[in-house]
Amino acid sequence: MSNIGTTTATETLDASTTTAAAPAAGPTTTGTPPTLTTRPAALDAGYPADSVTGQTLDDLWHMARAVLDANWSHNHTVPSRTLYPHQWSWDAAFISIGLARVNPQRAWQDLRSLFLAQWPDGRVPHIVFDPNVAERDYFPGPTFWQVPRLRPGHSDGTGIVQPPAHAIAVWEIYRRSPDDRSLAELRWFYPRLVAAQDYLLTCRDAGRGGLASIVHPWESGLDNSPAWDAALSAVPADLGVLAGRQRHDNRVAAVAHRPTDEDYARFVALALAYRDGGYRDDDLPGRHDFVVECPTFNALLSAAERALAAIATVIGVDPGPHLARARRITQAIDERLWNPQTGMYHALDVRTGRLSPARCVSGLVPLILPDLPAPRAAALMAMAESARFGISAAMPVASYDRTADDFDPVRYWRGPVWININWLLCRGLRDHGRPAQAAQLRTAMLDLVRRSGYYEYFHPVTGDGVGSAAFSWTAALVLDLLADPEGLDEVTSDQAAAVTGR
Ligand code: DGY
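For every chain, the first residue of the written sequence is number 1, and numbering continues from 1 along that sequence. With pLDDT at 70 or above as the cut-off, local features in this predicted model cover only qualifying residues; side-chain atom pairs require 80 or more to be listed or tallied, and sums for whole chains, interfaces and linings still use all residues. Hydrogens and waters are ignored; side-chain quantities use all the structure's heavy atoms.

Caption draft 1: Here's a closer look at the environment of Ala475. Tracing the chain through its elements places Ala475 in helix α17 (residues 472-482). Ala475 gets classed as buried once you look at its relative accessible area, which sits at 0%. It is 8.0 Å that separates the C-alpha atoms of Ala475 and Ile95, two residues lying 380 residues apart in sequence. Two residues qualify as a contact provided that any one of their heavy atoms is within 4.5 Å of a heavy atom in the partner residue. With sequence-adjacent residues up to four places away left out, Ala475 is seen in contact with Ala64, Val67, Leu68 and Tyr454. Comment: elements are numbered from the N terminus, with helices defined as DSSP H or I runs of at least four residues and strands as E runs of at least two. Type-normalised accessible area, obtained with a 1.4 Å probe on protein chains alone, sets the label of each residue: buried when under 20%, exposed when over 50%, and partly exposed for intermediate values.

Caption draft 2: Inspection of the confidence of the model for the protein at higher detail. How sure the predictor is of each residue is captured by pLDDT, a score from 0 to 100. Averaged over the protein, the pLDDT score is 89; the fraction of residues at 70 or greater is 87%. Here residues 1-35 is modelled with pLDDT under 50, and outside its nearest four sequence neighbours on either side it reaches 69 contacts, counting other chains as well. The model gives residues 490-502 a pLDDT under 50, and that stretch makes 21 contacts with residues more than four places away or in other chains.

Caption draft 3: Spotlight on the sheet that holds strand β8 (residues 348-349). Two strands qualify as a pair provided DSSP detects at least 2 bridges between them. Taking strand neighbours across the sheet as the criterion, the 3 strands line up as β5-β8-β9 in an open arrangement whose pairing is antiparallel. On the outer flanks of this sheet lie β5 (292-293) and β9 (354-355), each paired with one strand and no other. As paired elements, β5 and β8 share 2 bridges and run antiparallel to each other. Counted as the bridge partner of Glu293 is Leu348 from β8.

Caption draft 4: Fine view of the pattern of salt bridges. By convention in these notes, a salt bridge is any Lys or Arg side-chain nitrogen within 4 Å of a carboxyl oxygen on Asp or Glu. Summed over all chains, the structure comprises 33 salt bridges. The residue Arg325 makes a salt bridge to Asp198 at a minimum N-O spacing of 2.6 Å. Of the two residues, Arg325 sits in helix α13 (residues 320-337) while Asp198 sits in helix α6 (residues 180-202), which places them 127 residues apart along the sequence. The shortest N-O distance in the salt bridge between Arg280 and Asp282 comes to 2.8 Å.

Caption draft 5: Spatial organisation of helix α2 (residues 89-102). For α2, with 14 residues, the first-to-last C-alpha span of 20 Å sits near the 20 Å given by 1.5 Å per residue. α2 sits mainly inside the fold: 14 of its 14 residues count as buried. Expected helix span is computed as 1.5 Å times (number of residues minus one).

Caption draft 6: Representation of the site of the ligand. Taken together, Tyr84, Trp88, His126, Tyr138, Trp218, Asp223, Arg258, Tyr264 and Tyr412 are the residues near the ligand. Each polar contact in these results corresponds to two N or O atoms within 3.5 Å; when the atoms are within protein, one needs to be able to donate a hydrogen and the other to accept it, and residues that are neighboring in sequence are counted only if both atoms are side-chain atoms. Within the side chain of Tyr412, a nitrogen or oxygen atom sits 3.4 Å from an oxygen atom of the ligand. Here the ligand has 230 Å² of accessible area as a free molecule, and 96% of this is covered by the chains. By residue class, the composition of the shell around the ligand is 6 nonpolar, 1 polar and 2 charged. Nearness here has a simple test: a residue counts as near a molecule or strand if at least one of its heavy atoms is within 4 Å of that partner. Each accessible area is a Shrake-Rupley result for a 1.4 Å probe, and residues are judged covered by the shown protein chains and nothing else. For this classification, the nonpolar set comprises Ala, Val, Leu, Ile, Met, Phe, Trp, Tyr, Cys and Pro, the charged set comprises Asp, Glu, Lys and Arg, and every other residue, Gly included, is treated as polar.

Caption draft 7: Here's a closer look at the nonpolar core. Think of a nonpolar core as a cluster: buried Ala, Val, Leu, Ile, Met, Phe, Trp, Tyr and Cys residues, connected wherever their side-chain atoms sit within 4.5 Å. Judged by nonpolar contacts, the single largest core of 162 residues is most densely connected at Trp145, Trp228, Leu364 and Tyr454. Here the element with the most residues in this core is helix α12 (residues 295-315); it accounts for 12 residues.

Caption draft 8: Spotlight on the packing of helix α3 (residues 104-115) against α6. Axes, fitted as lines to C-alpha atoms, cover a helix only where it is in contact. Angles between the N-to-C directions of the axes lie from 0 to 180 degrees. In the contact formed by α3 and α6, the axes pass within 12 Å of each other and the chain directions differ by 20°. Classed by the angle they form, the pair α3 and α6 counts as roughly parallel. Both α3 and α6 take part in a crossing whose hand is left-handed. Counting all contacts with α3, which are made through Gln105, Trp108, Leu111, Arg112 and Phe115, the residues of α6 involved are Arg181, Ser182, Glu185, Leu186, Trp188, Phe189, Arg192 and Leu193. Should an angle fall under 35 degrees it is called roughly parallel, over 145 degrees roughly antiparallel, and 65 to 115 degrees roughly perpendicular, with every other angle called oblique. In a left-handed crossing the near helix is turned counterclockwise from the far helix by less than a right angle, and in a right-handed crossing that turn is clockwise.

Caption draft 9: Unusual backbone geometry, seen in detail. Note that the residue after Phe139, namely Pro140, is joined by a cis bond; omega there is 0°. With respect to the helices and strands, Pro140 occurs in the loop between β4 (127-128) and α4 (142-145). One non-glycine residue, Gln146, adopts positive backbone phi at about 50°. Note on placement: Gln146 falls in the loop between α4 and α5 (166-176). Although it is not a glycine, Ala470 sits at a positive phi angle of roughly 55°. By secondary structure assignment, the location of Ala470 is in the loop between β11 (465-466) and α17.

Shown next, in the form of structure tokens:
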């Protein structure tokens, strides 16, 4: 169980009291957490208290809010106080989606803080460093990355990216509270999001096939997934690179739950090579040892273009180019990453032209794309329901093929269940006409967290919490699931037309 207790039931100020102010030029620096809204009424109707923990869905809601409050830091939410004390890019997207349910102002503030570290070339760093956190409290910190101050007011960050989930988050926050402030936020974010997409679709199209490549496993967010094993075999695991460098993660988390030292040797070597090459993106396959097209990263890239189309419509910009781009990316995912032998998508090693043989959950995530060809969607749903991934009422989808010899139920992305991925799959199931399965998956996620706490990830057989406790995106996405009981919290028909292009 998470050790975060419930909060008092008195914090029930409505979000409308916090959204009147015009958006500031940047994040505010007040230390006072903004107020929170009430939970949705009748949350527990027809849903009994958990037989082991006695917790109701109401308890779950309050505890999720308490996790996010405890992890709020100045102008952003840390993923975890112990393991990840700065701001992470795709975490910020998922966290703000949950914050939008309880405090849209804080959701906007959180995402804005991330974009203050955006580079002039459009890239959004995978970590934004909090100057108040000591270098020894996270490795590798700012002195490792050596990113210069790129413009006045630029926050310190890394030089690598993470999956582009931010346009989806911006659209989700807006549609939860479509008021004047949110409209102003849409206008602030739109050009920045477009720049981020442009960077990925131009500078990172290393394979020249219309997809973005990642140049580091950390860019995938699925750091040690077996999806990278084949491509990483080209990178020497020279433990010498760790000499004089101290991993912080293994001091605050179980060693068996984290990537190995061999993984870290490769991670550090790749980051150093990119850094020492000036973070240049020209001739990536020639100058870089790891250049990979990831199905999840590119599915989010396509979904982001759909979200941008919706945003463009609201602020009076032509959504057409975004929809066209979304279709092209979806088509490229299908042409380049589909494996007819396995019936799912796989990571492509751009340097060798080979698909990874590993069946990883990242290959199911294109299910979030409404324009995925129907036979592909059907194949992915069949795979998700098969013994390899095992969607069931009892347990959400595992991060790796449960039948693989090297399936590891506790080691990070090599087997455990992750809530963000299942949240995406839940949307995919719903959008591809499987509302019953989406509802079942939603229940499985809620039951898992209610039983085990707001962990970073979960043992895919026992359901025990693994990794960091009190993890922000788990809490945030639980709020989103709780606030959307049917999983059918739909956009208006006009917005839907922009999003789906129909
Ligand atoms: C970590 O520190 O484990 C991160 O995943 C790298 O971004």
